[in-house]
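Results of the structural survey
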Amino acid sequence: MTLMRHEDLRLITGTGKFTADWNLQNQCYAVFVRSPHAHARVTGINCEAAAATAKVLLVLTAADVTAARMQSVPSGPEIKGIDGAIIKKGTMPVLAIDRVRFVGQPVAVVIAETAGAAQDASELVEVQYEPLPAVASVEDALQSDAPQLHPGVPGNESLRFESGDLEAVDKAFSQSERTATLRIDSQRLYGAPLEPKAITVAHDAGRGITVVHTPTQGVLGMKAGLSSISGIPVEEFEIVSEDVGGSFGLRGGASAEHALLVLAARQLQRPVKWVATRSELFAGEWHGRGLTLEGSIAIDHDDKIAAIKFHDTVDLGAYNCFFGGFIGTNNLSVTMGGAYQVPALYMQSRLVLTNTAPVSAYRGAGRPDIAFGIERLIDHAATTFKLDPVEFRRKNFVPQNAFPYTTANGTVYDCGDFHSVLDKALSQAGYDTFEQRRAAAKQDGKIRGIGIGYYVEKSGAGGAPKDQVSCEFSADGTLTLHAVTGPSGQGHETAFAQIMGDGLGIDPLQIIYRAGSADQSLVGNGTGGSRSLYGTGSAFKNLIDEIINRALPHAARVLNANAEDITFSDGQFMVRNGAGGISLFALSKRLSEPQQHPGSQEHPLNCTAETVTGANYPNGCHIAEVEIDPETGVTDIIAYNAVDDLGNVISPELVRGQVHGGVVQGAGQAFSEAIVYDDNGQLLTGSFMDYAMPRAGTLLNVETDTFAVPTELNELGSKGVGESGCSGSLPCISNAVMNAFASVGAGPLSMPYTPARVWKHLQKHQ
Amino acid sequence: MESVSFVVNGERVAVDVEPRSLLVDVLRDQLGLTGTHVGCDTSQCGCCTVQINGSAAKSCTMLAVQASGAVIKTIEGLAENETLHPVQEAFSQCHGLQCGFCTPGMIMATVELLEHSPIPTVEEIRQGLAGNLCRCTGYVNIEKAVQSAASNLRTMRDRDAAEASK
Ligand code: FES
Ligand code: FES
């Protein structure tokens, strides 16, 4: 019985190793004290009782962090706004100094011999708070008399950003007779990887290395973050990250908790372990989305789009953290024209600080939101002006002969075939016969709707200049691959082994993948922006060539032929005249024998390769068909059809899995998930009891397929897949629900379309 | 400290536990059975599902002392020697797992589900897994895995019955 993926055996037998599964000798345990207030002055912290408790080893507060000269949590890039203004930041201290700015912010940490003792003692830490008025929403934060979060950010506005040409857009709007505007909310979410955050840090004084066990998307980013906070050079960190229970953007960087465990482990000279509770993560881990887009569209007399503009407000939460600023600026604007030829584009975003948990990346990080914005706007315009949503899209698509296509705000889409993708999706979805199904549903008292979402997104993320990979052959013929990108469910071990196995003619089961091994000093990007397969995968493609080149002279020697007379295919080196051959696998084993290459310890085929590749533009058409029960407000996704252009596909199974997962995360946002704070900044959705995650049965029927237009921007011709599911599903589900509403005369509603909200909405329109 | 003993994966074990210790923590931290996971603190996620006296239970909802005398099976005890349980196989073959964090709980819940509903309807599958969250797969392939395991289990049972009647 062969298993589907290399990683499966350990995961189905319970022998995987997630961070909390590590137990180091002599380890002690950390528990955090967190702010119960959304905004308060901290006037004093009394740790005496906690510190005096049995089994307590250490209590750290801001004073200790300052004494250790720790810096703030990374606050993201220095983004430029309107008129060259640089982003104004409220940076997050590792432990709150003088003031807390959101519920769940770490204030102190207690370390004890047992987790129970640390928990008990943490309840004895007395923090004196003087509550301050809080702003829990962007609207409140932008009021002229709003409480101010950070002295360096007047008006709570961190940045006002723009992209595109305002003048051209204004002109187009003034000349168009038909214009429409729609406000779309992409509500705040919690990404909730199923593995709660856990960290264990051990300091190896002998080697001078601090070993950090943590889930991560890439060890280099983690090391860089740890170093920037602690001032300890990157070389002195080692990251251990074996199995990672989902990431979705939340495992991208070093957090306050990481830094504190480093500090504690070095002070105590003992390993320190922390396993978060889900509740503390709901409050204290960063959130995603939190965007409001006001989109406007101008349409000329022959139904061509003349201009699109967006005014966005971006909720950053209480501090500028990690990618928060990047999402609301670059990631929203870069594909703001969607799949359409739009002569004039303009976006303005206001990045605002509020007394809520910081917001950063969650699957798609702005990409699903802008796809949602455009595609809702297209459908809204079609409904408003009685245009056929399919024909309206077709008429405005970037035509196939226009690639490479430069959008009005300067993004270059390298390739695509939007018409063909749309056609394939329409036929797969039985779009033509929908009205019959709608009529049949009506007979049953149900309201059906169908919706299209055509997304174009920019995949690619990460600041590393290139992706490097390396390999090690061993005597038994196994091949170990190394790279930086860390898996968290995507199947890296399987996909990379498949690429190398296909190229070298080696059984993929003989190939092992290791991410971020400490003894390999490789440069590369972590997992993010859907880039691992095509970035690191392309470097592996180059590694294949490098290995074959290196092996050739050895094959010539073994086969007693001239290198020029030898060809390589299907894993075999063959002499042209058919006089003999040897497989690369056999050759590599033979070369493991020391006498084959005297004087060198290293296997002669061990080598490295790299690639430099940036963005590409996956796109696709998703079509949802929904049915609403007006009696209960319950909406079912009756059918879901996706056709994605992901370029060349390496593993169709893995791709389908990625699309399913992304689609259901989108469906979660559409129907149930929402992080809600009350007006005072208290978190109302602090656990899975009140934050409704999608469950089995969210998708009743799903069909996913691909239509490949290979990109020339990387060696594999592949495009990113990880985020496409969210980018396709948010708009198509929403358009389907709005289509159902429109059929009974009801107008738009914002997400989440929970039964209660849908029911109320329908009642209003009866 | 209280001392409790139970049978875990066929072996009798005795451990000293704090009265407040949850069963899941004892399994993981004291017995080293880290295949059972903890994904929440409100009994919602199902990552901690094990079998207690033959039926599936969330081991985070139970104190270790309450399990005294019980027969417990965890994910580590599901395969017989080297032979995977059909549910384990089906999860892999149908690509019903990505990160694998929910998987042990999903598998244990599925084993129970198929005991009650050997020919499960889609509705029964969804109900049977209602207490288990997965953030990665979108559940589509998990549902397929349950169907496929069900049919494999039936085939095995039929084969065993045929053998027995020979
Ligand atoms: S750990 Fe979530 S239900 Fe037990
Ligand atoms: S496979 Fe990751 S949570 Fe289910």
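Brief notes about the overall build of chain B
Secondary structure summary: chain B contains 5 helices and 5 strands in total. Helices (α) and strands (β) of chain B occur, in sequence order from the N terminus, as β-β-α-β-β-β-α-α-α-α. For chain B, the C-alpha radius of gyration of 16 Å lies close to 15 Å, the compact-globule estimate for 166 residues. Its C-alpha atoms give chain B principal-axis dimensions of roughly 50 × 40 × 25 Å. Burial status across chain B gives 56% buried among its 166 residues. Looking at chain B alone, contacts between residues at least 24 apart form 57% of all its contacts between residues at least 6 apart. Total accessible area computed for chain B in this model is approximately 6900 Å², and 49% of it derives from carbon and sulfur atoms. Charged side chains of chain B number 12 positive and 19 negative; the gap between the two group centres comes to 6 Å.

A few points about the domain arrangement of chain A
Interface size is often expressed as the accessible area that is lost when the parts come together. All names here are of chain A. Each domain of chain A was delimited in the assignment, giving domain 1 (18-132 + 207-270), domain 2 (364-459 + 615-763) and domain 3 (467-611). One C-alpha centre belongs to domain 1, the other to domain 2, and the line joining them spans 38 Å. Contacts between domain 1 and domain 2 engage 5 residues on the former and 4 residues on the latter. Together domain 1 and domain 2 conceal approximately 320 Å² of surface at their shared face, both sides included; 46% is due to carbon and sulfur atoms.

Concerning the environment of Tyr29(A)
Residues and elements named next belong to chain A. Along the chain, the position of Tyr29 falls in strand β1 (residues 28-34). In this structure Tyr29 comes out as partly exposed when scored by relative accessible area, which is 22%. The sequence separation of Tyr29 and Thr114 amounts to 85 residues, and the corresponding C-alpha distance is 5.8 Å. If we ignore the near neighbours within four places in the chain, the residues touching Tyr29 are Val110, Ile111, Ala112, Glu113, Thr114, Ala115, Ala118, Val272 and Lys273. Side-chain polar atoms of Tyr29 contact the side chain of Gln27, separated by 3.0 Å.

Structural notes on the packing of helix α16 (residues 532-559) of chain A against helix α17 (residues 584-591) of chain A
Residues and elements named next belong to chain A. One way to put it is that α16 packs onto α17 with a least axis distance of 10 Å and a crossing angle of 80 degrees. In terms of orientation, α16 and α17 fall into the roughly perpendicular class. The residues of α17 that touch α16, namely those facing Ile547, Ile548, Ala551, His554, Ala555, Arg557 and Val558, are Leu584, Leu587, Arg590 and Leu591. Considered class by class, the residues forming the contact of α16 with α17 number 8 nonpolar, 1 polar and 2 charged.

Thoughts on the nonpolar core
Of all hydrophobic cores here, the largest spans 200 residues; its most connected members are Ile297(A), Tyr454(A) and Ile733(A). Within the second largest apolar cluster, 35 residues are counted, among which are Phe473(A), Ala483(A), Leu543(A) and Ile548(A).

Overview of the side chain of Ser241(A)
All names here are of chain A. By the secondary structure assignment, Ser241 is in the loop between β11 (237-240) and α8 (256-268). From its side chain, Ser241 meets the backbone oxygen of Thr214 in a polar contact 2.8 Å long. Aside from chain neighbours lying at most four places away, what touches Ser241 is Thr214, Pro215 and Thr216.

Quick word on the sheet that holds strand β18 (residues 447-456) of chain A
All names here are of chain A. Within the open sheet, the 4 strands sit side by side as β18-β26-β27-β28. Their pairing is mixed. Bordering the open sheet on either side are β18 and β28 (702-706), each of which pairs with just one other strand. Each adjacent strand pair in this sheet contributes to an overall mean axis angle of 15 degrees, direction not counted. In this structure, strand β26 (residues 619-629) lies alongside strand β27 (residues 634-645), joined through 11 bridges in antiparallel fashion. When the bridges of β27 are listed, Val626 appears paired with Ile637.

Topic: the sheet that holds strand β19 (residues 467-473) of chain A
Within a sheet, adjacent strands bond to each other through the backbone by hydrogen bonds, running parallel or antiparallel. Residue and element names in this part refer to chain A. Here 4 strands make up an open sheet; going across it, the order is β21-β20-β19-β25 and the pairing mixed. If you trace the sheet from one side to the other, it starts and ends with β21 (511-515) and β25 (608-611), each paired once. Recorded for the sheet is a direction-independent mean angle of 20 degrees between the axes of neighbouring strands. Here β19 runs beside β25; their pairing, made up of 4 bridges, is antiparallel. Considered in β25, the bridge of Ser470 is made with Thr608. The strands touched by helix α15 (residues 492-504) are β20 (479-483) and β21; relative to β21, the strand with the most contacts, the crossing angle is about 135 degrees. Sheet strands touched by α16: β19, β20, β21 and β25. Its angle to β19, the strand with the most contacts, is close to 45 degrees.

Some thoughts on the interface of chain B and chain A
In this assembly, 46 residues from chain B lie in contact with 54 residues from chain A. Here chain B packs against chain A, burying approximately 4100 Å² in sum over the two surfaces, 57% of which is carbon and sulfur. For the interface between chain B and chain A, the tally reads 3 salt bridges. Measuring nitrogen to oxygen at the nearest pair gives 2.8 Å for the salt bridge that ties Asp21(A) to Arg28(B).

The rules behind the values
Chains are numbered independently. Their residues run from 1 in the order of the written sequence. Chain letters start at A and ligand numbers start at 1, both assigned in the order the entries are written. Totals for whole chains, interfaces and linings use every residue, but because this is a predicted model, local features are given only for residues with pLDDT of at least 70 and side-chain atom pairs only at 80 or more, for both listing and counting. As a rule here, side-chain values cover all heavy atoms of the structure and leave hydrogens and water aside. In DSSP terms, a helix is any run of H or I states spanning at least four residues, a strand is any run of E spanning at least two, and both are numbered starting from the N terminus. Each radius of gyration is computed over the set of C-alpha atoms, and the globule rule expresses the reference value as 2.2 Å times the number of residues to the power 0.38. To sort residues, take the accessible area from a 1.4 Å probe on protein chains only and compare it with the maximum for the residue type: under 20% means buried, over 50% means exposed, and anything in between is partly exposed. A contact between two residues is defined here by any heavy atoms of the two lying within 4.5 Å. In this description, accessible areas are obtained by the Shrake-Rupley approach with a 1.4 Å probe, and a residue is regarded as covered only by the protein chains that are shown. Just so you know, the count uses Lys and Arg for positive and Asp and Glu for negative, and it drops His and the chain ends. One atom stands in for each charge, and that atom is NZ of Lys, CZ of Arg, CG of Asp or CD of Glu. Domain extents, as shown, originate in an automatic or database domain assignment. Accessible area, probed at 1.4 Å, shrinks when two parts are joined; the buried area is that loss added up over both. Here a polar contact means two N or O atoms within 3.5 Å. Within protein one must be a hydrogen donor candidate and the other an acceptor candidate, and residues neighboring in sequence count only if both atoms are side-chain atoms. Lines fitted to C-alpha atoms define the axes here, with helix axes fitted over just the stretch in contact, and angles between the N-to-C directions of these axes take values from 0 to 180 degrees. Throughout this description, any angle smaller than 35 degrees is read as roughly parallel, any larger than 145 degrees as roughly antiparallel, any in the 65 to 115 degree range as roughly perpendicular, and the remainder as oblique. Note on residue categories: nonpolar means Ala, Val, Leu, Ile, Met, Phe, Trp, Tyr, Cys or Pro, charged means Asp, Glu, Lys or Arg, and polar means any other residue, Gly included. By convention a nonpolar core is built from buried Ala, Val, Leu, Ile, Met, Phe, Trp, Tyr and Cys residues, the set being connected through side-chain atoms within 4.5 Å. Two strands form a pair only when DSSP identifies at least two bridges running between them. For this document, the term salt bridge refers to a Lys or Arg side-chain nitrogen within 4 Å of an Asp or Glu carboxyl oxygen.

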